[in-house]
Amino acid sequence: MLSSPAEQHALRDTVDLEAALATVETLIAQLGQALSEHDPAATETASTALHRALGQAVDRATRAARHGGMPPALRRRLAACGGQVAALREAVARASVSLDKALEILLPGAGTSRAVVYGADGQAARTSTGGIAQA
């Protein structure tokens, strides 16, 4: 039985950290699913919730470390969550680069002030470069 208030506080911190980690793990899975389904709304929702939950988990971990330490099993889970988030971040970065390359192929020069776009017939539409207008 826990006899001191410090031991009770440490137990509460551990239980709070366990709950926070469970939430983070659930949200990581939801974000992974949303990304694999190419669902922008679900991705946005899950990533926002994950960001918030990660902040809470880090706060709980800091508290647990200050009041008696974090059990090794929870430390491993927290590290695993960090690795999964890094992997998701890398996957999103790779997808973003692929999307940028595809857009550059479809819309060459779209990021410049003189963008060349394709017309309805598939030919690059010409932009006026100055000169004399003829009637």
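Parameters at a glance
Residues numbered from 1 in each chain as written. Predicted model: local features only at pLDDT ≥ 70, side-chain atom pairs only at ≥ 80, totals over all residues. Heavy atoms only, no water. Helix = DSSP H or I, 4+ residues; strand = E, 2+ residues; numbered from the N terminus. Contact = heavy atoms within 4.5 Å. Areas by Shrake-Rupley, 256 points an atom, 1.4 Å probe, with all protein chains shown as cover. Salt bridge = Lys/Arg side-chain N within 4 Å of Asp/Glu carboxyl O. Buried < 20%, exposed > 50% of the residue type's maximum accessible area, 1.4 Å probe, protein only. Expected span 1.5 Å × (residues − 1). Polar contact = N/O pair within 3.5 Å; in protein donor to acceptor, adjacent residues only side chain to side chain.

**Student:** Explain the overall build of the protein here, please?
**Tutor:** Looking only at helices and strands, the protein features three helices and zero strands. Listing the helices and strands of the protein from first to last along the sequence gives α-α-α. Long-range pairs, those at least 24 residues apart, make up 54% of the contacts in the protein between residues at least 6 apart in sequence. As displayed, the protein offers around 9,600 Å² of accessible surface, 60% of which is attributable to carbon and sulfur atoms.

**Student:** How should the pattern of salt bridges be read in this particular structure?
**Tutor:** A side chain of one charge can pair with a side chain of the opposite charge when the charged atoms of the two come close. Applying the stated criterion across every chain yields a total of four salt bridges. A salt bridge links R63 to D59; its shortest N-O distance comes to 2.5 Å. Here D59 and R63 lie together in helix 2 (residues 40–66), a separation of four residues that amounts to about one turn. Residue class for R63 comes out partly exposed when judged on its relative accessible area of 29%. One connected set of salt bridges, linked through shared partners, spans E18, E25 and R77.

**Student:** I'm lost on helix 2 in this one. Help?
**Tutor:** Count 3.6 residues to each turn of an α-helix, and residues three or four apart come out pointing the same way. Between its first and last C-alpha atoms helix 2 spans 39 Å; for 27 residues at 1.5 Å apiece the expected length is 39 Å, and the two agree. Inspection of helix 2 places T43, A46, A49, L50, A53, A57, A61 and A64 among the buried residues, and these make up the whole buried set. Residues of helix 2 that are buried make contact with helix 1 (5–36) and helix 3 (72–106). For helix 2, the N-terminal capping position is held by D39, with its side-chain oxygen 3.3 Å away from the main-chain nitrogen of A41. Looking one or two places after helix 2, you find G68, whose phi comes out positive at around 110°.

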